[in-house]
Amino acid sequence: MRGGDILIHCLWIEKIMVALIILKKHPRIVRKFNQPISYKIPMVMVKERCVYWKKDFSHIIEEFIKIFNPVIDIRNKLKQIYIKRNILSHSNIKLGQKYFLYRPKNRKKLIEAGEVFNLNKIPNQANPIVLKIDYSNEINYINDFNIIQFLDQQYFLKEAVKLDVIYSHLR
């Protein structure tokens, strides 16, 4: 359940980034977007969301970085979210199992996994390697959730304020 929670929040981070990109590119819709919650989403935003939903997360991050130019620490957090999202969405899961199993398809994916998860070498490991992502470990879950919470409550909020966007409407 915790792994699913982290995955859903990673997907949500992607959607917040898309909304911020669209609002930055179309400042004329911000006023309409900021209307009370019962408003209709501006048509430009609806159409552009559909375009972005077809794009890979890596392209969204590249565009976001180009437009917002976040500091290195934020870029690293976004990269962690991207890698975790991909790993969790391509992992083997079972409802009664307290962990995810991930088999990297190449050395590059294995290195990426090592960048975001504390992976210990397992004696007599299968070949190809299978990684165990364990969110039943409280520390693993809290560490990842803290990254998501920081992006939400501090970084994205700050970018929304710069655009004069009511952040709660994005959330």
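Residues numbered from 1 in each chain as written. Predicted model: local features only at pLDDT ≥ 70, side-chain atom pairs only at ≥ 80, totals over all residues. Heavy atoms only, no water.

Visitor: Can you break down the overall build of the protein chain residue by residue, with the values?
Guide: Assigned secondary structure in the protein chain consists of eight helices and two strands. Counted from the first residue to the last, the protein chain has its helices and strands arranged as α-α-α-α-α-β-α-β-α-α. In terms of overall dimensions, the protein chain has C-alpha extents of about 60 × 30 × 25 Å along its principal axes. Going through the 171 residues of the protein chain one by one, you find that 43% of them count as buried. Taking the intrachain contacts of the protein chain between residues at least 6 apart in sequence as the baseline, contacts between residues at least 24 apart amount to 72%. Carbon and sulfur atoms form 55% of the exposed surface of the protein chain, whose accessible area is close to 10,600 Å². Averaging the coordinates of the 30 positive side-chain charges in the protein chain and doing the same for the 15 negative ones gives two points 4 Å apart. (Helix = DSSP H or I, 4+ residues; strand = E, 2+ residues; numbered from the N terminus. Buried < 20%, exposed > 50% of the residue type's maximum accessible area, 1.4 Å probe, protein only. Contact = heavy atoms within 4.5 Å. Areas by Shrake-Rupley, 256 points an atom, 1.4 Å probe, with all protein chains shown as cover. Lys, Arg positive; Asp, Glu negative; His and termini not counted. Charge placed at Lys NZ, Arg CZ, Asp CG, Glu CD.)

Visitor: Requested: an account of the environment of Asn127, with residues and values cited.
Guide: For Asn127, the position within the fold is in the loop between helix 6 (107-116) and strand 2 (131-133). Accessibility expressed as a relative area gives 77% for Asn127, which makes it exposed. Sequence separation between Asn127 and Arg103 is 24 residues; the distance between their C-alpha atoms is 9.7 Å.

Visitor: Residues and numbers for the confidence of the model for the protein chain, please.
Guide: Averaged over every residue, the pLDDT of the protein chain is 87; residues scoring 70 or more account for 94%. Model confidence for the protein chain, summarised as mean pLDDT per element, is weakest for helix 6 at 75 and strongest for helix 4 (residues 57-68) at 96. (pLDDT = per-residue confidence, 0-100.)

Visitor: Quick one: what's the story with helix 6, residue by residue and with numbers?
Guide: Since the α-helix packs 3.6 residues into each turn, any two residues three or four apart lie on the same face. Buried within helix 6 are the following residues: Lys109, Glu112, Ala113 and Val116. All buried residues of helix 6 lie within an arc of 100° about the axis, which places them on one face of the element. Buried-residue contacts for helix 6 involve helix 5 (72-89), strand 1 (100-102) and strand 2. (Arc of directions from axis to C-beta.)

Visitor: Break down the side chain of Glu159 for me, with residues and values.
Guide: Take Glu159: it is sitting in helix 7 (residues 138-162). You can call Glu159 buried: its relative accessible area is 5%.

Visitor: How would you sum up the nonpolar core? Please name residues and give values.
Guide: Ranked by size, the top nonpolar core spans 49 residues in total, and within it Met17, Leu20, Leu23, Phe64, Leu151, Phe156 and Leu170 carry the most contacts. The biggest single contributor to this core is helix 1 (residues 2-25), with twelve residues. Apart from the residues lying within four places of it in its own chain, the contact partners of Leu170 are Ile16, Ala19, Leu20, Leu23, Phe33, Ala160 and Val165. (Core = buried A, V, L, I, M, F, W, Y, C linked by side-chain atoms within 4.5 Å.)

Visitor: Account for the packing of aromatic side chains, naming residues and giving values.
Guide: Inspection of the entire model under this criterion finds six aromatic pairs. Taking the centre distance of 5.7 Å and the plane angle of 70° together, the rings of Phe57 and Tyr82 count as edge-to-face. Highlighted residues: Phe57 in helix 4 and Tyr82 in helix 5, separated in sequence by 25 residues. When the ring of Phe64 is compared with that of Tyr155, the centres are 6.2 Å apart and the planes differ by 70°; the resulting orientation is edge-to-face. (Phe/Tyr/Trp six-rings, centres within 6.5 Å; stacked < 30°, edge-to-face > 60°.)

Visitor: If you had to explain the side chain of Arg85 to someone new, which residues and values would you point to?
Guide: Following the sequence through the fold, Arg85 ends up in helix 5. A polar side-chain atom of Arg85 sits 3.1 Å from a polar atom in the side chain of Glu14. Excluding its chain neighbours within four sequence positions, the residues that come into contact with Arg85 are Leu7, Cys10, Leu11, Glu14 and Phe57. (Polar contact = N/O pair within 3.5 Å; in protein donor to acceptor, adjacent residues only side chain to side chain.)

Visitor: Break down helix 5 for me, citing the residues and quoting the values.
Guide: In this model, helix 5 (18 residues) spans 26 Å end to end at C-alpha, consistent with the 26 Å of a helix rising 1.5 Å per residue. Listed as buried for helix 5 are Ile74, Lys77, Leu78, Ile81, Tyr82, Ile83, Lys84, Arg85, Asn86, Ile87 and Leu88. (Expected span 1.5 Å × (residues − 1).)

Visitor: Mind laying out unusual backbone geometry, listing which residues take part and the relevant values?
Guide: Even without glycine at this site, Asn69 takes up a positive phi of about 50°. Note on placement: Asn69 falls in the loop between helix 4 and helix 5. Look at Asn69 and you get exposed, because its relative accessible area is 55%. The residue Asp164 is not glycine, and still its phi comes out positive at about 60°. You can see Asp164 is positioned in the loop between helix 7 and helix 8 (167-170).

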